[in-house]
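Per-entry structural report
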Amino acid sequence: MTNTLTIIERLERGDILISDGATGTYLQAHGLEPGGCPEEFNISHPEIIRRMAREYFDAGSDLVLTNSFGGNRFMQEKYGLGDKVKEINRLAAEHAKSQTPSGCYVVGSIGPTGEFLEPLGPVTEEQMLNAFTEQACALEEGGADAVVIETLTSIEECVLAIKAAKENTKLTVMATLTYDKGPRGFFTMMGVTPQIGVTALKEAGADVIGANCGNGIDVMVELAAELRAVTNDYLLIHSNAGIPSLQNGEIIYPESPNYMVDGFLQLVDLGVNILGGCCGSNPEHIRALAKAIKN
């Protein structure tokens, strides 16, 4: 389906956009084995990937992310799928696009490479830039409307991913870092504060910035307030359904849809523009969010 308005045009007119919930949690509930490659499901289980997109759209998502979080060459080579990177990402976008209602969007998910840049690690800037470029271009080819570079903790890596998408595609580019709350406040694992993160992602050219993963909704509200205090730009927040625990051998996320809705409404009051779920959230969380926002 073609949209008359782009994501940015929707945000410019003041719309609050609802994203989807977790991909990994959904796939684990639909046959993904522990340690298996989620992105390989784009090839072997297309019906599950399409159904996931359809369930999130039916629940009220305006944006659905592709099943391509670990779709970069570095990650896929660990599964022996380095030669399938373009196919995996193109299919990820095509599957979601095939279920997209009019007025809704597909957002290509780009996660971390799992590698460290020189001198901390063995990877050069050029190698990492090439990997992100390959992924972003394949997502665009499959029909994505945007990309979200998500769950990153390193500014240098995130900036390279933004550059790859901005210089090689026409896609809207969103970028989110993952912050932890400690005694001295919020920092990413690599020591980045919200203020430094906001400044760097904007300077790199991201159209939408924000945070995802790592925290339940209450902490995400605190974090969003800090982000909003240092920027007037478009903000995206994807919250976990709490912090998981192991119960009877099963990973349980404690925050119910009804519990999370209160926090989501606080995010709206803070001026967050795009809201959605991360680990542990499912179509029921999105349905509750969409109902609350539309009311």
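Report on the accompanying structure. Worth saying up front: this structure is predicted, and the values here are computed from it rather than measured. (Residues numbered from 1 in each chain as written. Predicted model: local features only at pLDDT ≥ 70, side-chain atom pairs only at ≥ 80, totals over all residues. Heavy atoms only, no water.)

1. Side note on the overall build of the protein chain
Across its full length, the protein chain holds 12 helices and 12 strands. Computed over its C-alpha atoms, the radius of gyration of the protein chain comes to 17 Å, within 12% of the 19 Å expected for a compact globule of 295 residues. Considered along the principal axes of its C-alpha atoms, the protein chain spans approximately 50 × 45 × 40 Å. In the protein chain, which comprises 295 residues, the proportion classed as buried is 55%. Considering only contacts within the protein chain whose residues lie at least 6 apart along the sequence, 77% involve residues at least 24 apart. Of the roughly 12,600 Å² of accessible surface on the protein chain, 51% is carried by carbon and sulfur atoms. Distance between charge centroids for the protein chain: 5 Å, based on 21 positive and 39 negative side chains. (Helix = DSSP H or I, 4+ residues; strand = E, 2+ residues; numbered from the N terminus. Rg over C-alpha atoms; globule rule 2.2 N^0.38 Å. Buried < 20%, exposed > 50% of the residue type's maximum accessible area, 1.4 Å probe, protein only. Contact = heavy atoms within 4.5 Å. Areas by Shrake-Rupley, 256 points an atom, 1.4 Å probe, with all protein chains shown as cover. Lys, Arg positive; Asp, Glu negative; His and termini not counted. Charge placed at Lys NZ, Arg CZ, Asp CG, Glu CD.)

2. Overview of the sheet that holds strand β5 (residues 172-177)
The strands making up a sheet associate through backbone hydrogen bonding, with each pair oriented either parallel or antiparallel. One open sheet holds the 8 strands; their spatial order is β1-β12-β9-β8-β5-β4-β3-β2, and the pairing between them is parallel. Each edge of the sheet is formed by a strand with only one pairing partner; in this case those strands are β1 (17-18) and β2 (63-65). (Pairing = 2+ DSSP bridges.)

3. Examining the pairing of strand β8 (residues 208-212)
Of all the 5 residues making up β8, 5 are buried; the element is thus mostly covered by neighbouring parts of the structure. Relative to β8, β5 runs parallel, the two sharing 4 bridges. The partner of A175 across the bridge, within β8, is I209. Inspection of the sheet shows β8 paired to strand β9 (residues 235-239) by 4 bridges, in the parallel sense. If you follow I209 over to β9, its bridge partner there is L235. The handedness of the β8 to β9 crossover, carried by helix α10 (residues 217-230), is right-handed. (Right-handed = clockwise from strand over helix to strand, strands pointing away.)

4. Considerations on the side chain of Q99
As for its position among the elements, Q99 is in the loop between α6 (85-97) and β3 (105-110). Among the polar contacts made by the side chain of Q99, one reaches the side chain of R54 at a distance of 2.9 Å. Residue contacts for Q99: discarding those within four places in its chain leaves R50, A53, R54 and F57. (Polar contact = N/O pair within 3.5 Å; in protein donor to acceptor, adjacent residues only side chain to side chain.)

5. Focus on α10
Here α10 is 14 residues long and its end C-alpha atoms lie 20 Å apart, about the 20 Å a rise of 1.5 Å per residue gives. Among the residues making up α10, those that are buried are I217, M220, V221, L223, A224, L227 and R228. On its buried face, α10 is in contact with β7 (185-187), α9 (194-204), β8, β9 and α11 (257-269). (Expected span 1.5 Å × (residues − 1).)

6. What about the side chain of S154?
With respect to the helices and strands, the residue S154 is situated in the loop between β4 (146-152) and α8 (155-168). Of the residues examined, S154 reaches a relative accessible area of 12% and is grouped as buried. A polar contact is formed between the side chain of S154 and the side chain of E156, at a distance of 3.3 Å.

7. Examining unusual backbone geometry
Between E118 and the following residue, P119, the backbone shows a cis peptide bond with an omega angle of 0°. On the secondary structure map, P119 appears in the loop between β3 and α7 (125-141). The phi dihedral of C213 is positive, around 65°, even though this residue is not glycine. Considering the arrangement of structural elements, one finds C213 in the loop between β8 and α10. Judged by relative accessible area, which is 14%, C213 ranks as buried.

8. Points about empty space enclosed by the protein
This structure, assessed with the given rule, holds 1 cavity of 30 Å³ or more. Lining of the largest cavity is provided by I49, M52, A53, V64, L65, N67, A92 and A96. Examining the composition of the lining of the largest cavity, we find that 3 residues originate from one element, helix α4 (residues 46-59), more than from any other. For the lining of the largest cavity, the class distribution of residues is 7 nonpolar, 1 polar and no charged. (1 Å grid on protein atoms, 1.4 Å probe; cavity = no way out; pocket = protein on both sides within 12 Å on 5 of 7 lines; lining within 4 Å. Points joined across faces, edges and corners; volume = space filled by probe spheres on them. Nonpolar A, V, L, I, M, F, W, Y, C, P; charged D, E, K, R; others polar.)

9. With respect to the packing of α7 against α8
α8 packs onto α7 with a crossing angle of 50° between their chain directions and a minimal axis gap of 8 Å. Between α7 and α8, the angle falls in the class oblique. In this structure, α7 crosses over α8, and the sense of that crossing is right-handed. Side by side, α7 and α8 meet where E125, M128, L129, F132, T133, A136, C137 and E140 of the first sit next to E157, L160, A161, K163, A164, A165 and N168 of the second. (Axes fitted to C-alpha atoms, helices over the stretch in contact; angles between N-to-C directions. Parallel < 35°, antiparallel > 145°, perpendicular 65-115°, else oblique. Left-handed = near helix turned anticlockwise from the far one by under 90°.)

10. Let's talk about the nonpolar core
Counting 68 residues, the largest nonpolar core has I149 and L267 as the members making the most contacts within it. Aside from chain neighbours lying at most four places away, what touches I149 is I110, C158, A161, I162, V173, M174, A175 and T176. L17, L65, V107 and M174 belong to the second-largest nonpolar core, a separate cluster that totals 14 residues. (Core = buried A, V, L, I, M, F, W, Y, C linked by side-chain atoms within 4.5 Å.)

11. Here's the deal with a nonpolar patch on the surface
A surface patch of nonpolar side chains, amounting to about 460 Å² of accessible area, comprises F116, L120, M189 and M190. Mapped onto the elements of the fold, F116 is located in the loop between β3 and α7. You can call F116 partly exposed: its relative accessible area is 44%. (Patch = residues over 30% accessible without salt bridge, like charges linked within 9 Å, V, L, I, M, F, W, Y side chains within 5 Å. Salt bridge = Lys/Arg side-chain N within 4 Å of Asp/Glu carboxyl O.)

Fair warning: the whole summary comes from geometry, so function is off the table for now.
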